[in-house]
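Here are the chains, one letter per residue:
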Protein chains: 2
Amino acid sequence: MKIEKVTAGLSIKRSVDAGTEEQQSIVRDIIQDVRNNGDQALFAYTEKFDGAKLYSLKVTQDEINEAYAALDDQMIKIIREAADNIADFHAKQKRETWLYTNADGSIFGQKLTPLDSAGVYVPGGTAAYPSSVLMNVMPAKTAGVGRIVMVSPPGKDGRLPAGVLVAADIAGVKDIFKVGGAQAVAALAYGTESIKAVDKITGPGNIFVALAKREVFGDVDIDMIAGPSEIAVLADETASAKEVAADMLSQAEHDTRASAVLVTTSEPLAKEVALEIEQQLSTLPRADIARPSIAQHGAIYIAATMKEAVRTINDIAPEHLEILTENALEYVKDIKHAGAIFVGRYSSEPVGDYFAGPNHVLPTNGTARFSSPLNVDDFMKKSSIIMYSKEAFDKHGAKIAAFARLEGLEAHARAIEARNE
Amino acid sequence: MKIEKVTAGLSIKRSVDAGTEEQQSIVRDIIQDVRNNGDQALFAYTEKFDGAKLYSLKVTQDEINEAYAALDDQMIKIIREAADNIADFHAKQKRETWLYTNADGSIFGQKLTPLDSAGVYVPGGTAAYPSSVLMNVMPAKTAGVGRIVMVSPPGKDGRLPAGVLVAADIAGVKDIFKVGGAQAVAALAYGTESIKAVDKITGPGNIFVALAKREVFGDVDIDMIAGPSEIAVLADETASAKEVAADMLSQAEHDTRASAVLVTTSEPLAKEVALEIEQQLSTLPRADIARPSIAQHGAIYIAATMKEAVRTINDIAPEHLEILTENALEYVKDIKHAGAIFVGRYSSEPVGDYFAGPNHVLPTNGTARFSSPLNVDDFMKKSSIIMYSKEAFDKHGAKIAAFARLEGLEAHARAIEARNE
């Protein structure tokens, strides 16, 4: 892992993974096939890609019951408590319709309406995370989305993991389908016999899922295209090297492409963290993932001042930021770009990954410059309301007509003047 | 124009214009050229596509001054007043950072931060609308975006229209560049010698601009891909056929692909509006555009009840909706999908297009099902804040570690347990 001094921030070149032309073409073909052949195409791809021959896509109540039986009661309680915490935090994000009346009697406003429907993609295999089910579904639920559909690729046994099914049930999802990949995205966007089309698709996936989401964008809404996960730790000499190292490794174990970065004003801490990481790696079950992640994408930057350190953090625009300094809360105001900010030593990133309440679906790969955590606004839309009064119309009608004529739009001007007689 | 009875809503098939493969390939080549060759590529494309040989892209103060001189003072005053109205409405949308403390001393919150930079695309030619400059720039301004860049293709004379320049200056844009098409989108996304890259690109454009925005999406944020403009009028027997027809034509004159639809419970009104449209078309300067628009995309639907009429409107999910009925405001609560709702006869659509304050950049082509008018939220992003207390950590740490182990993420569990000693 590189250790470097920073003196003038970082200049980072990033690019979204746009896939190869071959991958793009495969995805387009799959989408077209699903549009043409519906469920039949879904069954065929599920057999081909997931090795599962299914005759029905929808998860049954029996499967849900079996999933509950497979988890211990304590774990089910923890998932329920996490769901409640997530609901509590997201309820604070929810906004209401507002209207106001101007002095001239005109009424303006903004109407908030939940989406009719949303589809959540849950990846398969080792990345089938119950916590991601909660984090994607609860904001939609809180927004008031009427119909929430979940899709996830089955294992070779034609089943979904028990934790995923229990989390979906606790989150209140009624429609769970065993289908993944680009074919699942196509089904959510355009509908098949089994799966009714939705208005928005969220949730992470592999490159085929990401390309499919990009392809259907516009016909339906999507969330951001997710990239590999990142953490940056902002620490001074008061931080514990052991804790910093453990937190960096919790990111690194996700993916060899994940990145864990420390920015610190303390050279001794920098050295100690590097040693700690090596030591902790030696006993980590997923060291085969975490080790290359740290080697290729890990970094420790030493800054002369906290100001320089904060600037470096803003250049990184990390998905997760931990502030492990004296008076940690004071630095929050200086952070411009970060998906989630974890303040102080009791806010290790997993606190937010699983349990505290704020969302763990966060902008990756520097997109915190312009994107937000998944939130209730993502599942509601606005409509403007304009009720002009006669007084306002009489006062401003001629100006509006003049503006229309400046733009050469005579019918606009005449629509105003049609009211004059 | 077709006149039809509706009895069970409408089922509308829509698709975004994804362009031809040739167009997509042209756009990819242009983007790559701009990334490789910067300004030089911009000059070359501007000469090729716009017929203007430029040596500098940036609009000068002299050009701004000449633009003011070219408009009459009354018009400049109207543009200023419109800008103020837009600023007033959008200020009501602006939200602030919030934090709260739980009973266990944990602090959670959501930080709101304006984007560092935004780029506004303004189409050229007859679609170079000063009102669109205001509508795109003012929400960014209100959000507090630090750097707002505007791009627009010049005419053959190497200039931008006076109205566009004056509107940009009134809106406070400092950086205006004479470049359009896919090359302008590439410059905004990746930067050149003259144009520094931005974080988000908004504004409508032709198919090449739309494809370029789709291509750079992810590296920067974009607004929705705009389609042709639409109006739907919901009217009962109290509406004036003359006013309804005038409003429908104000939409139809935009584009032969624009659509104007009336949904009414009154068969006499339906017939009268059809006649009025013919009559008003006969004297309309842009009849060559409005006439095919009405013929191909215009429609009048007659519904037996207001309930059925409202259902039909929700199926259409129009960009603009006018409610011209008795007790018009009462129906607003029943409208689920519409970009902007114009209530009552004094709220002819041009009132909102130019002057009242709410945004005229609205979701088209049925995307009001999941999209919103351009608004201040589009130029701000959220960061979650999590400051867990020792009490919360002691109480919940073990549950969090258990959840992590359910997902097979041992380093996550250990990050929690590193705090235990």
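The residue numbers shown here count from 1 along each chain, following its written sequence. Here every chain gets a letter starting at A, and every ligand a number starting at 1, in the order they are written. The predicted origin of the model limits local features to residues at a pLDDT of at least 70 and limits the giving and counting of side-chain atom pairs to 80 or more, whereas totals for whole chains, interfaces and linings rest on all residues. Note that the side-chain values use all heavy atoms of the structure and ignore hydrogens as well as water.

- In the annotation of an unreviewed UniProt entry, the entry for chain A reads Histidinol dehydrogenase, and the organism field reads Domibacillus iocasae.
- Per UniProt, chain A has the following entry under Pathway (unreviewed entry): "Amino-acid biosynthesis; L-histidine biosynthesis; L-histidine from 5-phospho-alpha-D-ribose 1-diphosphate: step 9/9."
- Turning to chain A, the UniProt record has this under Function (unreviewed entry): "Catalyzes the sequential NAD-dependent oxidations of L-histidinol to L-histidinaldehyde and then to L-histidine." UniProt positions are given in the numbering used here, feature names are shortened, and annotations may be inferred rather than shown by experiment.

### Considering unusual backbone geometry
No. 1: At A317 of chain A, a residue that is not glycine, the phi angle is positive and equals roughly 50°.
No. 2: Locating A317 of chain A in the fold gives a position in the loop between helix 12 (306-316) and strand 12 (320-324). Secondary structure follows DSSP: runs of H or I at least 4 residues long count as helices, runs of E at least 2 residues long count as strands, and numbering of each begins at the N terminus.

### Digging into the side chain of N136 of chain B
No. 1: You can see N136 of chain B is positioned in helix 5 (residues 130-143).
No. 2: Any two residues whose heavy atoms approach within 4.5 Å are treated as being in contact. With residues near it in sequence (within four places) discarded, N136 of chain B still touches V120, T202, G203, P204, V361, L374 and F379 of chain B.

### Structural notes on the nonpolar core
No. 1: Counting 206 residues, the largest nonpolar core has Y388 of chain A together with Y388 of chain B as the members making the most contacts within it.
No. 2: Discounting chain neighbours no more than four positions away, the residues touching Y388 of chain A are S106, F108, F393, H396 and I400 of chain A together with V343, Y346, S347, V351, F355 and A356 of chain B. Side-chain atoms within 4.5 Å link the members of a nonpolar core, which is a set of buried Ala, Val, Leu, Ile, Met, Phe, Trp, Tyr and Cys residues. Burial here depends on accessible area, computed with a 1.4 Å probe over protein chains only, as a share of the maximum for the residue type. Under 20% is buried, over 50% is exposed, and the range in between is partly exposed.

### A few points about the relation of the copies chain A and chain B
Relating one copy of the chain to the other requires a rotation about an axis plus a shift along that axis.
No. 1: Copies are brought into register by a least-squares superposition over C-alpha atoms of residues with pLDDT of at least 70 in both. Once chain A has been moved 0.0 Å along the axis and rotated by 180°, it coincides with chain B to within an RMSD of 0.0 Å. The operation mapping one copy onto its partner corresponds to a two-fold rotation axis. The C-alpha atom lying nearest the rotation axis in chain A is that of R214 of chain A; the distance is 4.1 Å.
No. 2: Taken together, the interface assignments show that 100% of the residues at the interface of chain A recur at the interface of chain B, consistent with an identical surface on both copies.

### Quick notes on the interface of chain A and chain B
No. 1: Of the residues lining the interface, 118 residues belong to chain A; the matching set on chain B comes to 119 residues.
No. 2: Two parts placed together each lose some accessible area; with a 1.4 Å probe, that loss summed over both constitutes the buried area. Around 11000 Å² of area is buried between chain A and chain B when both sides are counted, 60% of it from carbon and sulfur atoms.
No. 3: The working definition used for a salt bridge is a side-chain nitrogen of Lys or Arg within 4 Å of a carboxyl oxygen of Asp or Glu. Remark: the boundary between chain A and chain B carries 14 salt bridges.
No. 4: With its nearest N and O atoms 2.8 Å apart, the salt bridge here joins D199 of chain B to R369 of chain A.
No. 5: As used in this structure description, the phrase polar contact means that two N or O atoms lie within 3.5 Å; if the pair is within protein, one of them must be able to donate a hydrogen and the other to accept it, and residues adjacent in sequence are counted only when both atoms belong to side chains. At the boundary of chain A with chain B, the tally comes to 65 residue pairs in polar contact (both at pLDDT 80 or more).
No. 6: Among the elements that line the side of chain A that touches chain B, the one with the most residues is helix 14 (residues 390-406) of chain A, at nine residues.
No. 7: For this scheme, ten residues count as nonpolar: Ala, Val, Leu, Ile, Met, Phe, Trp, Tyr, Cys and Pro. Four count as charged, namely Asp, Glu, Lys and Arg, and the remainder, Gly too, count as polar. Across the side of chain A that touches chain B, the residue classes break down as 57 nonpolar, 27 polar and 34 charged.
No. 8: The sheet contact formed by strand 14 (residues 380-387) of chain A and strand 13 (residues 340-343) of chain B spans three bridges and is parallel. Bridging across to strand 13 of chain B, S384 of chain A finds its partner in A340 of chain B. Think of it this way: DSSP has to see at least two bridges between two strands before they count as a pair.

### Regarding the sheet that holds strand 14 (residues 380-387) of chain B
No. 1: Pairing is mixed across the open sheet formed by nine strands, whose spatial order is 1(A)-11(A)-10(A)-9(A)-12(A)-13(A)-14(B)-3(B)-2(B). Here the strands that pair on one side only, and so sit at the sheet edges, are strand 1 (2-6) of chain A together with strand 2 (98-101) of chain B. Averaged over neighbouring strand pairs, the angle between their axes works out to 20° when direction is ignored.
No. 2: Relative to strand 13 (residues 340-343) of chain A, strand 12 of chain A runs parallel, the two being bridged by four bridges. Bridging from a neighbouring strand, E322 of chain A pairs with F342 of chain A of strand 13 of chain A.
No. 3: Think of each axis as a best-fit line through the C-alpha atoms, taken over the contacting stretch in the case of a helix, with angles from 0 to 180 degrees between the N-to-C directions. The strands touched by helix 9 (residues 241-252) of chain A within the sheet are strand 9 (230-235), strand 10 (259-264), strand 11 (299-303) and strand 12 of chain A, with strand 9 of chain A carrying the most contacts at an inclination of about 165°.

### Here's the deal with the pattern of salt bridges
Residue and element names in this part refer to chain B.
No. 1: In the structure shown here, the tally under the stated rule is 53 salt bridges over all chains.
No. 2: R291 is the salt-bridge partner of E278, the closest N and O atoms lying 3.7 Å from each other. Residue E278 is found in helix 10 (residues 267-281), and its partner R291 is found in helix 11 (residues 287-297); the two are separated by 13 residues along the sequence.
No. 3: A salt bridge links E410 to R405; the nearest nitrogen and oxygen atoms lie 2.9 Å apart.
No. 4: The class of R405 is partly exposed, set by a relative accessible area of 37%.

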